[in-house]
Amino acid sequence: MKGPRERLIYVPCILTGTGTQAPDYLATVDVDPESPTYCTVIHRLPMPYIDDELHHSGWNACSSCFGDTTKKRNRLILPCLGSSRIYVVDTGTDQRAPRLYAVIEPREVFQKCDLALPHTSHCLGSGEIMISAIGDPRGNAKGGFILLDAETFEVKGNWERPSQAAPQGYDFWYQPRHNVMISTEWGVPKFFVTGFNPADLGKGRYGRRLNVWDWTTHCLLQSIDLGEDSAPFEIRFLHNPDAAHGMVVCPLHSAVFHFYKTQDGSWTAEKVIQIPNKKVSGWLLPEMPAFITDMLISLDDRFMYMSNFIHGDIRQYDITNPYCPRLVGQVFVGGSIPEGGVVTVLEDPELNCQPDPFMIQARRVYGGPQMLQLSLDGKRLYVTNSLYTPWDKQFYPELVREGSVMLQIDVDTETGGLCVNEDFLVDFGKEPCGPARAHEMRYPGGDCTSDIWV
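Residues numbered from 1 in each chain as written. Predicted model: local features only at pLDDT ≥ 70, side-chain atom pairs only at ≥ 80, totals over all residues. Heavy atoms only, no water.

> Help me get a handle on empty space enclosed by the protein, residues and values and all.
Per the stated rule, a full pass over the model turns up two cavities of 30 Å³ or more. Along the walls of the largest cavity sit His 56, Ser 57, Thr 120, Ser 121, His 122, Asp 171, Glu 234, Arg 236, Glu 440, Arg 442 and Thr 449, which together make up its complete lining. A breakdown of the residues in the lining of the largest cavity according to their chemical character gives no nonpolar, six polar and five charged. The wall of the second largest cavity is formed by Val 333, Val 365, Pro 369, Val 383, Thr 384, Asn 385, Val 405 and Leu 407. (1 Å grid on protein atoms, 1.4 Å probe; cavity = no way out; pocket = protein on both sides within 12 Å on 5 of 7 lines; lining within 4 Å. Points joined across faces, edges and corners; volume = space filled by probe spheres on them. Nonpolar A, V, L, I, M, F, W, Y, C, P; charged D, E, K, R; others polar.)

What follows is the structure in structure tokens.
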């Protein structure tokens, strides 16, 4: 938490599905308040193909390689959720102007791993890069993992043992001191790639399990059932490498589970947060879930932050006691329930009235809070507001038309509290190739969602 203040942020910008016939690109954003180009995109690296659907990103080396002087954090890994292509970007030569270093074509991933829709990327202490996959090349669900050589970026094959992929896949986090890795499940790609259809509920098309793996043998040991259609998304262990605790969010159930190791060495999970649905009219369903789509934990393991993509708020919880998180901060920055919109809230257990439309610097912000990134000192929370092209189009067509924003939320790290910094706005609606949608954010030196301590 005593690391240097962030000065640059890398963020994928998505043009997939906009009809512009321009590729997605990696934007470099200046977030140094002393810089003359503060709050602006100072560089854009276009990918060589269109319709890739850039999504998450990770590093070739991180804190898991601490002490190995041969390793440098100088390559950003960009898996593509649409094309299953994987890009490797050189950030070491010029941090302010990254350049394309390598392209791993989807056929190599298909042929060597029988996996598709690569999602989360983490570096390993072994000198490899591991990327979770959501499905196979035929659109079926398959929770396997792609291994890359971190020097040559050759696809080495699968991390999991033969025929031991999880039923479904999405995110993962590992904790070597407890010899464990835990992965999550979104759903069956052939169904969710066209949008969210309520008719898919109750048919096994959305995930429900935490899958517990032996980190040494790569064997699937245990599955923890969080409930039908819970679709567990982002998962985080506490950063303390000795900790046997973590959190996972479930968007469709608007719930957060605390998972932990039991005395007999197995793992279990308990629901510790339940955000109530709102009864509404003018929306897809009569009850509207919060739809928690991202979550992170501060480097001191004190606070958890999460974004409610549909309700429109960001929440801060004190998780000093992980068995009983305490809400200490909340701010609305968009969502589906602003006053005067198409949705009318009929019954709300939490709010007395619908929030006003979110405006900043005379700019109306559409979409809901989605990806989060926290400064190393925990005092600034950055947020973007795009989830995934088919779902963006379905829930927030105005977002696709007007483009994303990047916001900065000031954080009270003493007693808790969130407040929008009205002087900070990066508007991706004014990009050279038209409005773009921004997704996951990375600092060149690493952050609380990229790095795992061993």
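Now that the structure is up, let's keep going.
> Requested: an account of the nonpolar core, with residues and values cited.
Buried together is how nonpolar side chains tend to be arranged in soluble globular proteins. Grouped together as the largest cluster of nonpolar side chains are 43 residues, with contacts concentrated most on Trp 186, Val 256, Met 304, Met 306 and Trp 391. Among the elements of the structure, strand E8 (116-123), strand E17 (245-250), strand E19 (267-274), strand E22 (292-297), strand E23 (303-308) and helix H3 (389-395) are those that each provide at least two residues to this core. Sorting elements by how many residues they give to this core places E22 first, with three residues. Those residues in contact with Trp 391 that lie beyond four places of it in its chain are Trp 186, Phe 192, Gly 195, Phe 196, Tyr 206, Phe 291 and Tyr 396. (Core = buried A, V, L, I, M, F, W, Y, C linked by side-chain atoms within 4.5 Å. Buried < 20%, exposed > 50% of the residue type's maximum accessible area, 1.4 Å probe, protein only. Helix = DSSP H or I, 4+ residues; strand = E, 2+ residues; numbered from the N terminus. Contact = heavy atoms within 4.5 Å.)

> Describe the side chain of His 178, listing the residues and the values that go with them.
Position of His 178 among the secondary structure elements: in the loop between strand E12 (172-175) and strand E13 (180-183). Among the residues examined, His 178 registers a relative accessible area of 19% and is labelled buried. Only 2.7 Å separates the side chain of His 178 from the backbone oxygen of Asp 242, close enough to count as a polar contact. Discounting chain neighbours no more than four positions away, the residues touching His 178 are Pro 241, Asp 242, Ala 243, Ala 244, Lys 261 and Trp 267. (Polar contact = N/O pair within 3.5 Å; in protein donor to acceptor, adjacent residues only side chain to side chain.)

> So what's going on with the pattern of salt bridges? Which residues, and what values?
As enumerated under the stated definition, the model contains 32 salt bridges in all. Between Glu 108 and Lys 112 there is a salt bridge; the shortest N-O distance is 3.3 Å. Highlighted residues: Glu 108 and Lys 112, both in helix H1 (residues 106-113), separated by four residues, approximately one helical turn. Judged by its relative accessible area of 39%, Lys 112 falls in the partly exposed class. For Arg 437, the salt bridge goes to Asp 392, with nearest N and O atoms at 3.1 Å. Here the residue Arg 437 occupies a position in strand E34 (residues 437-438), and Asp 392 occupies one in helix H3, the gap between them amounting to 45 residues. The class for Asp 392 is buried, based on a relative accessible area of 0%. Here the salt bridges do not stand alone but share partners, grouping Asp 114, Asp 136, Arg 138 and Lys 142 into one network. (Salt bridge = Lys/Arg side-chain N within 4 Å of Asp/Glu carboxyl O.)

> Could you give me a rundown of a nonpolar patch on the surface, with the residues and numbers involved?
Nonpolar side chains collect at one region of the surface, where Tyr 49, Leu 100 and Val 103 lie side by side and expose about 210 Å² of accessible area between them. In this fold, Val 103 is placed in strand E7 (residues 99-104). Owing to a relative accessible area of 32%, Val 103 belongs among the partly exposed residues under this scheme. (Patch = residues over 30% accessible without salt bridge, like charges linked within 9 Å, V, L, I, M, F, W, Y side chains within 5 Å. Areas by Shrake-Rupley, 256 points an atom, 1.4 Å probe, with all protein chains shown as cover.)

> Quick one: what's the story with the state of the cysteines, residue by residue and with numbers?
This model, assessed by the stated rule, comprises zero disulfides. Free of any disulfide, Cys 250 has its nearest neighbouring cysteine sulfur in Cys 324, separated by 18 Å. Between Cys 433, a cysteine without a disulfide, and Cys 13, which holds the nearest cysteine sulfur, the sulfur-to-sulfur distance is 11 Å. Given a relative accessible area of 46%, Cys 433 falls into the partly exposed group. (Disulfide = S-S within 2.5 Å.)

> Tell me about the sheet that holds E22, and please be specific about residues and values.
With antiparallel pairing, four strands are arranged side by side in an open sheet as E22-E23-E24-E25. Each of the sheet's edge strands pairs with one partner strand only, and the pair in question is E22 and strand E25 (326-332). The sheet shows a mean angle of 20° between the axes of neighbouring strands, direction not considered. (Pairing = 2+ DSSP bridges. Axes fitted to C-alpha atoms, helices over the stretch in contact; angles between N-to-C directions.)

> Please give an account of unusual backbone geometry that cites residues and values.
In this structure, Asp 114 takes a positive phi of about 55° despite not being glycine. Positionally, Asp 114 belongs in the loop between H1 and E8. Positive phi outside glycine occurs at Asp 229, with the angle close to 65°. Residue classification places Asp 229 among the buried positions, given a relative accessible area of 9%.

These values are about where atoms sit, not about what they do.
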